[in-house]
Amino acid sequence: MPKVLVATEKPFAAKAAGLIKAELEAAKYDYEFLENYTEVSQLHAALADAEAVIIRSDIIDEAALNAAPKLKLVVRAGAGYDNVDLKAASAKGVVVMNTPGQNSNAVAELAIGMMIYMARNKFNGKSGSELAGKSLVLYGFGYVARYLAKIAKGFGMDIYAYDPYIACEIMTKDGVKPLKSVAEIFSTGDYVSLHIPATAETKGSINWSLMSLMKPGATLINTARKEVINETDLLRCFEENKKFRYVSDVEPGCSAEMMEKYGDRAYYTPKKMGAQTEEANANAGVAAAKQIIAFFEKGDKTFKVN
Ligand code: 3PG
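No experiment lies behind these values; they were computed from the predicted model shown.

## A look at the layout of surface pockets
Here comes step 1: In this structure, the largest pocket spans a volume of roughly 1300 Å³.
Here comes step 2: If you trace the largest pocket, you find 50 residues lining it, with Ala79, Gly80, His195, Ile196 and Pro197 closest to the centre.
Here comes step 3: Breaking the lining of the largest pocket down by element, the ones donating at least two residues are α5 (104-119) and α6 (143-154).
Here comes step 4: Top contributing element to the lining of the largest pocket by residue count: α6, with four residues.
Here comes step 5: Of the residues contributing to the lining of the largest pocket, the split by class is 24 nonpolar, 15 polar and 11 charged.
Here comes step 6: Looking at which domains feed residues into the lining of the largest pocket, each of domain 1 (3-102 + 276-298) and domain 2 (104-268) gives three or more.
Here comes step 7: The computed volume of the second largest pocket comes to approximately 520 Å³.
Here comes step 8: Taken together, 23 residues line the second largest pocket, and the ones lying closest to its centre are Ser57, Asp58, Ile59, Val250 and Lys272.
Here comes step 9: Taken together, the residues of the lining of the second largest pocket sort by class into seven nonpolar, three polar and 13 charged.
Here comes step 10: In terms of domain composition, the lining of the second largest pocket takes at least three residues from each of domain 1 (3-102 + 276-298) and domain 2 (104-268).

Put into C-alpha cells, the structure is as follows:
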C-alpha cells in the first residue's frame, strides 16, 4: 500500500492529525508523521520512502524532490503552493495538488480579528473606531475574500473587490461592488485586504505607487504572503501617511524597524496563524488524505496545480 508522509513543521491540531490518520488507516495506507522538525535534512530523510506527502508551508524544492525517489504526489493542505517547485515536480513526473477553500474561513476570521484589534488601538484603553460603515476592499476574490466579505457584511461594512480573473456578477451576487483597477483598490478602502498569491508577477507588487494612494489612516491587511509587499515602500508609507496601519499574518522582513518606529500602528502574528484552527486543519488535512487515496485508487487528479 502507498506510504504517505505527513510533514508539517507547523503541526496540525491533534484532533485533525487523528482524523487524517483515521482516513489513511481506513484505506489501509502506511503513513508517517514528521511534525515540528527543525532541520530540512529531517524532511529529506523522511521523504526517502514516501510515495505521497501532505505538507503545509513546508518547502518542496528540487533538493526535497531529489530526496524522494518514490514520490508521485504532493498535496499542499491549504491554498498557496508557492512553497512547491512546480517545474521541478513536473520534470520528475510528480503531481502537485492543493486543497482550495478548506482553510479559508479561518483566514477570513483572522483578518477580521486583526482589523478589530487595530481599530480598537490594540485594546489600549483609548477610544478607537468601529468597522460599521467603513469601506473594505478585497484585492483578489477567491475563497478567503468571499468568506471575509460575508463576515464583513455582518459588521455593516461597505465591501468592494477587484479581481481580473473573476466575473463581476460573482461579486455583485455576494453584495460586493466590483472595482475596475488596482489603483482604485488602494484609493477606495478604509481597509484594504490582500488576497493574491505570491507569484513572479505579484512579488513586490504592493509598492509605493499603490500604497501612496491609500487614505489617511487606512489599514492594509496582509493574510496573503509577505513577498507581495515592497517593504521599503511599506516603511515609507508609515512615514508619510501618519495614521496608516498595517497588519500581517506573518513577520515582515522589516519587522525590527517597523515595530521600533511605528509599533503602535503595526501588528504581525509571530507565526503564520491564518489557518491555525482545529477546523481548518481538519478540513484541509482530511481533504488532502482523501485526494491522495482518490489519486492512487482511481487516478483522480482533481486539484492538480502543475
Ligand atoms: C494557505 O496558503 O493555505 C495558508 O497560507 C495557510 O498556510 P499554513 O498551512 O502554512 O498555515
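## Side note on the site of the ligand
Here comes step 1: All residues adjacent to the ligand are Lys10, Arg56, Ser57, Arg76, Gly78, Ala79, Gly80, Asn103, Arg225, Lys272 and Ala275.
Here comes step 2: The side chain of serine 57 places a nitrogen or oxygen atom 2.5 Å from an oxygen atom of the ligand.
Here comes step 3: A distance of 2.7 Å separates an oxygen atom of the ligand from a polar atom in the backbone of alanine 79.
Here comes step 4: Here the ligand loses 94% of its free accessible area of 320 Å² to cover by the protein chains.
Here comes step 5: Applying the majority rule of atoms within 2 Å of the grid points places the ligand in the largest pocket.
Here comes step 6: Classifying every residue of the shell around the ligand by side-chain character gives two nonpolar, four polar and five charged.

## Thoughts on the side chain of asparagine 241
Here comes step 1: By secondary structure assignment, the location of asparagine 241 is in the loop between α10 (231-240) and β11 (245-248).
Here comes step 2: Asparagine 241 sits in the buried class, given a relative accessible area of 10%.
Here comes step 3: Apart from the residues within four sequence positions on either side, asparagine 241 is in contact with Met214, Lys215, Pro216, Gly217 and Arg265.

## Here's the deal with the pairing of strand β7 (residues 158-162)
For a regular strand, side chains alternate in direction, first toward one face of the sheet and then toward the other.
Here comes step 1: With four of its five residues buried, β7 lies for the most part within the structure.
Here comes step 2: Examined bridge by bridge, strand β6 (residues 135-139) and β7 share five bridges and lie parallel to one another. The partner of leucine 136 across the bridge, within β7, is isoleucine 159.
Here comes step 3: Regarding topology, α6 serves as the crossover connection from β6 to the parallel β7, and that connection is right-handed.

## Some details on unusual backbone geometry
Here comes step 1: Of note in this structure, asparagine 121 is not a glycine but carries a positive phi near 50 degrees.
Here comes step 2: On the secondary structure map, asparagine 121 appears in the loop between α5 and β6.
Here comes step 3: On the basis of relative accessible area, asparagine 121 is assigned to the buried category, the value being 18%.
Here comes step 4: Look at phenylalanine 303: it is not a glycine, yet its phi comes out positive at around 75 degrees.
Here comes step 5: For phenylalanine 303, the location among the structural elements is in the segment after α12 (278-298).
Here comes step 6: Using a relative accessible area of 39% as the deciding quantity, one classes phenylalanine 303 as partly exposed.

## Some thoughts on the packing of α10 against helix α11 (residues 255-262)
Here comes step 1: Here α10 crosses α11 at 5 degrees, and the two axes come no closer than 11 Å. Relative to α11, the element α10 is oriented roughly parallel. Residues Leu234, Leu235, Phe238 and Glu239 of α10 form the contact with α11, whose own contacting residues are Glu257, Met258 and Tyr262.
Here comes step 2: Considered class by class, the residues forming the contact of α10 with α11 number five nonpolar, no polar and two charged.

Analysis parameters
- Residues numbered from 1 in each chain as written.
- Predicted model: local features only at pLDDT ≥ 70, side-chain atom pairs only at ≥ 80, totals over all residues.
- Heavy atoms only, no water.
- 1 Å grid on protein atoms, 1.4 Å probe; cavity = no way out; pocket = protein on both sides within 12 Å on 5 of 7 lines; lining within 4 Å.
- Points joined across faces, edges and corners; volume = space filled by probe spheres on them.
- Helix = DSSP H or I, 4+ residues; strand = E, 2+ residues; numbered from the N terminus.
- Nonpolar A, V, L, I, M, F, W, Y, C, P; charged D, E, K, R; others polar.
- Domains from an automatic or database assignment.
- Near = heavy atom within 4 Å.
- Polar contact = N/O pair within 3.5 Å; in protein donor to acceptor, adjacent residues only side chain to side chain.
- Areas by Shrake-Rupley, 256 points an atom, 1.4 Å probe, with all protein chains shown as cover.
- Sits in = over half its atoms within 2 Å of the grid points.
- Buried < 20%, exposed > 50% of the residue type's maximum accessible area, 1.4 Å probe, protein only.
- Contact = heavy atoms within 4.5 Å.
- Pairing = 2+ DSSP bridges.
- Right-handed = clockwise from strand over helix to strand, strands pointing away.
- Axes fitted to C-alpha atoms, helices over the stretch in contact; angles between N-to-C directions.
- Parallel < 35°, antiparallel > 145°, perpendicular 65-115°, else oblique.

What is shown is where atoms sit, not what they do.
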